[in-house]
Amino acid sequence: MMIARRADTKARADFATWKMMAKLNGASSLPAEAQAFLASYKELLNQMTEPEATEATISLVYRSYYAEMGGMGIPPDVIAPSNGQMAGNVTAFKRPAKRHQATSGSEAKPRLPVALIFACLVVVYVGFRYFLL
């Protein structure tokens, strides 16, 4: 099953990359295998809708990758995780949760103002200049 998941992930990522390269007129720089899959995708677009053609082409690429990665027999069906927040081929990323800062006196870390640090450095510098020179 691990080979199947890796093959499916790689197939989806590669196909999205190939599709974007084709949109940017860079399909000629793709390997021959990728160009063959894109040609079959274009043929499927004439017969069915874009999402169906995309899934069919990804399935073909997945079967090819599964065999290349050492999978035996018919590749198992891999169910892509969908959480309802995905739109098309884009994954929705969540912002990291904000850390709660402690407001109580003992837990809060006091911060020295920049001016106080600068004043201390000036005092140390003048002290060294006065006492050493």
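Structure first, text after, so check above.
Attention in this report is confined to the structure presented alongside it. (Residues numbered from 1 in each chain as written. Predicted model: local features only at pLDDT ≥ 70, side-chain atom pairs only at ≥ 80, totals over all residues. Heavy atoms only, no water.)

1. Quick notes on the pattern of salt bridges
In step 1: According to the stated counting rule, one finds 3 salt bridges in the structure shown.
In step 2: The closest approach of N and O atoms between Asp8 and Arg12, which form a salt bridge, is 3.3 Å. Placement of both Asp8 and Arg12 in helix α1 (residues 2-23) is noted, with a separation of 4 residues, approximately one turn of the helix.
In step 3: The exposure class of Arg12 is partly exposed, given its relative accessible area of 24%.
In step 4: Across the pair Lys19 and Glu50 runs a salt bridge, and its minimum N-O distance is 3.0 Å. Separated by 31 residues along the polypeptide, Lys19 in helix α1 and Glu50 in helix α3 (residues 50-68) bring together distant segments of the chain.
In step 5: Its relative accessible area of 18% is what places Lys19 among the buried residues.
In step 6: Using a relative accessible area of 42% as the deciding quantity, one classes Glu50 as partly exposed.
In step 7: It is possible to trace a salt-bridge network through shared partners that takes in Asp8, Arg12 and Glu55. (Salt bridge = Lys/Arg side-chain N within 4 Å of Asp/Glu carboxyl O. Helix = DSSP H or I, 4+ residues; strand = E, 2+ residues; numbered from the N terminus. Buried < 20%, exposed > 50% of the residue type's maximum accessible area, 1.4 Å probe, protein only.)

2. Things to note about the nonpolar core
In step 1: Grouped together as the largest cluster of nonpolar side chains are 17 residues, with contacts concentrated most on Ala11, Phe15, Trp18, Val61, Tyr62 and Tyr65.
In step 2: Mapped onto this core, the elements with two or more residues apiece are α1, α2 (32-47) and α3.
In step 3: No other element matches α3, which puts 6 residues into this core.
In step 4: Beyond its immediate chain neighbours, meaning those up to four positions away, Ala11 contacts Ile58, Val61, Tyr62 and Tyr65. (Core = buried A, V, L, I, M, F, W, Y, C linked by side-chain atoms within 4.5 Å. Contact = heavy atoms within 4.5 Å.)

3. Considering a nonpolar patch on the surface
In step 1: On the surface, a nonpolar cluster with roughly 660 Å² of combined accessible area is contributed by Val124, Phe128, Tyr130, Phe131 and Leu132.
In step 2: Mapping Leu132 onto the fold places it in helix α4 (residues 114-132).
In step 3: Note on Leu132: relative accessible area 62%, which makes it exposed. (Patch = residues over 30% accessible without salt bridge, like charges linked within 9 Å, V, L, I, M, F, W, Y side chains within 5 Å. Areas by Shrake-Rupley, 256 points an atom, 1.4 Å probe, with all protein chains shown as cover.)

4. Focus: the packing of aromatic side chains
In step 1: One pass over the full model with this rule turns up 4 aromatic pairs.
In step 2: Look at Trp18 and Phe37: their rings are 5.9 Å apart centre to centre, the planes differ by 10°, and that puts the pair in the stacked class. Of this pair, Trp18 sits in helix α1 while Phe37 sits in helix α2; the two residues are 19 residues apart in sequence, bridging distant segments of the chain.
In step 3: The interplanar angle of 75° and the centroid separation of 5.2 Å between the aromatic rings of Tyr130 and Phe131 together place this pair among those described as edge-to-face.
In step 4: Judged by relative accessible area, which is 69%, Phe131 ranks as exposed.
In step 5: Its guanidinium or amino end placed over the ring of Tyr65, Lys10 lies 4.7 Å from that ring's centre, counting from NZ or CZ. (Phe/Tyr/Trp six-rings, centres within 6.5 Å; stacked < 30°, edge-to-face > 60°. Lys NZ or Arg CZ within 6 Å of the ring centre and 35° of its normal.)

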